[in-house]
Amino acid sequence: SRPNVTADAAAICVKSGNAVILRGGKEALHSNLALHSLLVEALRENSLPEHAVQLVDTTDRDAVGAFLKESEKIDVTIPRGGKGLIERVAAEAAMPVIKHFDGICHVYVDAAADLAMAKSIMVNSKCHRPGVCNAAETLLVHSAVASEFLPEAAASLREEGVELRGCPRTRELIGDCSEATEEDFRTEYLDLILSVKVVDSIDEAIAHVNEYGSHHTEAIVSQDVSATTRFAASCDSSAVHINASTRFNDGGEYGLGAEIGISTDKFHARGPCGLRELTSYKFVVHGSG
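Residues numbered from 1 in each chain as written. Predicted model: local features only at pLDDT ≥ 70, side-chain atom pairs only at ≥ 80, totals over all residues. Heavy atoms only, no water.

Caption draft 1: Region of interest: the overall build of the protein. Per the secondary structure count, the protein includes 10 helices and 11 strands. Each principal axis of the C-alpha distribution contributes one length, and for the protein these read about 65 × 55 × 35 Å. Pairs at least 24 residues apart make up 65% of the contacts formed inside the protein by residues separated by at least 6 positions. When the accessible surface of the protein is summed, it comes to about 14,800 Å², and 50% of that surface belongs to carbon and sulfur atoms. (Helix = DSSP H or I, 4+ residues; strand = E, 2+ residues; numbered from the N terminus. Contact = heavy atoms within 4.5 Å. Areas by Shrake-Rupley, 256 points an atom, 1.4 Å probe, with all protein chains shown as cover.)

Next up, the structure:
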């Protein structure tokens, strides 16, 4: 439903030598139709095939099912949308799917963190744009710094309108905080809501990330190189940020230009999908008889 995806997807597919069929949400139909007409005009002006970028102009959900059966004509499907759409596409598609799944992202504040930096990173990760996939949904804090860090961090987050849901130890430290349930830790809020948990070790933080996360983006705030190295190596996610906001997991920020999504798959595309992820390869062998 975001028209910028129409422009980004068209540009990156054409630049990588692909044709693309675009189907946007009903909320953005008129914007997408206008953008598509401009894209076709640009293709003609540059002597490129105008059908390289096609737009489905119906919002009928049955159209999705029809496309998902066309494995001989469509090489890959990339769903961008809610969990229900992605699960449907993954279940019904007769061709490979690059899944842009949930963004249950974590910020872990280590025992060796610069706490002022940690507060700034946490506020940016949660509040800059809470409705996007690389916004943080859970804050993990080492017990060694929790009593010092959490009250100040909670105050800054509440100033931004964030509702906090915490574990029992969190609630003891900050008060006026509802209880975080098992379901909360598995939820992508896409809103100004944050789950908070106090942990006793980096291993407990890593275990929580791997159990409740969606393999999207994790951040660690720490001045201890051994801790950051361990966290980066052990979190099973497409991106780990060290002393940086989760919001930096983005094709533009990574220098890829436009992106067509952030993949939480293992193969073949993982993380932001740029030009390289939209190309295939073959082996050409030269012999002498």
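Now, onward.
Caption draft 2: Geometry of the sheet that holds strand 6 (residues 178-179). Ordered by their spatial adjacency, 7 strands build an open sheet running 6-5-7-4-3-8-9, and the pairing between neighbours is parallel. Edge positions in the sheet fall to strand 6 and strand 9 (239-242), since each has one partner strand and no second. With 4 bridges joining them, strand 3 (residues 105-109) and strand 8 (residues 217-221) adopt parallel strand pairing. Residue Val-107 lies in a different strand from strand 8, and its bridge partner there is Ala-219. Docked against the sheet, helix 5 (residues 115-127) engages strand 3, strand 4 (136-142), strand 7 (193-199) and strand 8, running at close to 160 degrees with respect to strand 4. Seen against the sheet, helix 10 (residues 225-234) touches strand 3, strand 8 and strand 9 and runs at an angle of roughly 170 degrees to strand 8. (Pairing = 2+ DSSP bridges. Axes fitted to C-alpha atoms, helices over the stretch in contact; angles between N-to-C directions.)

Caption draft 3: Examining the pattern of salt bridges more closely. With the rule as written, the count across this model stands at 16 salt bridges. For Glu-27, the salt bridge goes to Lys-26, with nearest N and O atoms at 3.8 Å. For the pair Glu-27 and Lys-26, a shared accessibility class is recorded, and that class is exposed. Taking the shortest distance from any N to any O, the salt bridge between Arg-169 and Asp-200 comes out at 2.8 Å. In this pair, Arg-169 sits in helix 7 (residues 168-174) while Asp-200 sits in the loop between strand 7 and helix 9 (202-212), placing the two residues 31 residues apart along the sequence. (Salt bridge = Lys/Arg side-chain N within 4 Å of Asp/Glu carboxyl O. Buried < 20%, exposed > 50% of the residue type's maximum accessible area, 1.4 Å probe, protein only.)

Caption draft 4: Broad picture of the side chain of Arg-165. Counting through the fold element by element, Arg-165 comes out in strand 5 (residues 163-166). In terms of polar contacts, Arg-165 uses its side chain to reach the side chain of Glu-163, at 2.9 Å. Ignoring sequence-local partners within four residues, the contact set of Arg-165 consists of Cys-177, Ser-178, Glu-179, Ala-180, Asp-184, Tyr-189, Ile-193, Leu-194, Ser-195 and Val-196. (Polar contact = N/O pair within 3.5 Å; in protein donor to acceptor, adjacent residues only side chain to side chain.)

Caption draft 5: Structural view of the packing of helix 5 against helix 6 (residues 143-159). Contact geometry of helix 5 with helix 6 gives a least axis separation of 10 Å together with a crossing angle of 40 degrees. Viewed along their axes, helix 5 and helix 6 adopt a mutual orientation that is oblique. Where helix 5 crosses over helix 6, the two elements pack in a sense that is right-handed. Side by side, helix 5 and helix 6 meet where Leu-115, Ala-118, Lys-119, Met-122, Val-123, Lys-126 and Cys-127 of the first sit next to Val-145, Glu-148, Phe-149, Glu-152, Ala-153, Ser-156 and Leu-157 of the second. Across the contact of helix 5 with helix 6, the residue classes break down as 9 nonpolar, 1 polar and 4 charged. (Parallel < 35°, antiparallel > 145°, perpendicular 65-115°, else oblique. Left-handed = near helix turned anticlockwise from the far one by under 90°. Nonpolar A, V, L, I, M, F, W, Y, C, P; charged D, E, K, R; others polar.)

Caption draft 6: Region of the structure containing the pairing of strand 4. The buried fraction of strand 4 is high, at 7 of 7 residues. As judged from the 5 bridges shared by strand 3 and strand 4, these two strands associate in the parallel manner. Bridge pairing in strand 4 links Val-109 to Val-141. Running through helix 5, the crossover from strand 3 to the neighbouring parallel element strand 4 is right-handed. In this sheet, strand 7 lies alongside strand 4 in parallel orientation, the contact comprising 5 bridges. What sits directly across from Leu-140, in strand 7, is Lys-197. (Right-handed = clockwise from strand over helix to strand, strands pointing away.)

Caption draft 7: Broad picture of the packing of aromatic side chains. Considering all chains together, one arrives at 3 aromatic pairs under this definition. Centroid distance Tyr-108 to Phe-231: 5.8 Å. Interplanar angle 20 degrees. Geometry classified as stacked. Placement of Tyr-108 in strand 3 and of Phe-231 in helix 10 is noted, with a sequence separation of 123 residues between them. Comparing Tyr-108 with Phe-231, the two get one shared label, buried. (Phe/Tyr/Trp six-rings, centres within 6.5 Å; stacked < 30°, edge-to-face > 60°.)

Caption draft 8: Quick look at the pairing of strand 9. Judged by which residues are buried, strand 9 turns out to be one-sided: Ala-239 and His-241 face inward and are buried, whereas Val-240 and Ile-242, on the alternate face, are not. With 4 bridges connecting them, strand 8 and strand 9 associate as parallel partners. Opposite Glu-218, over in strand 9, you have Val-240 as the bridge partner. Traced from strand 8 through helix 10 to strand 9, the parallel crossover comes out right-handed.

Caption draft 9: Inspection of the environment of Lys-83 at higher detail. You can see Lys-83 is positioned in helix 4 (residues 83-92). Residues Lys-83 and Phe-101 lie 18 residues apart in sequence; the distance between their C-alpha atoms is 6.7 Å. Setting aside residues up to four positions removed in sequence, Lys-83 forms contacts with Phe-101 and Asp-102.

Bear in mind that shape data such as this cannot, by itself, settle questions of function.
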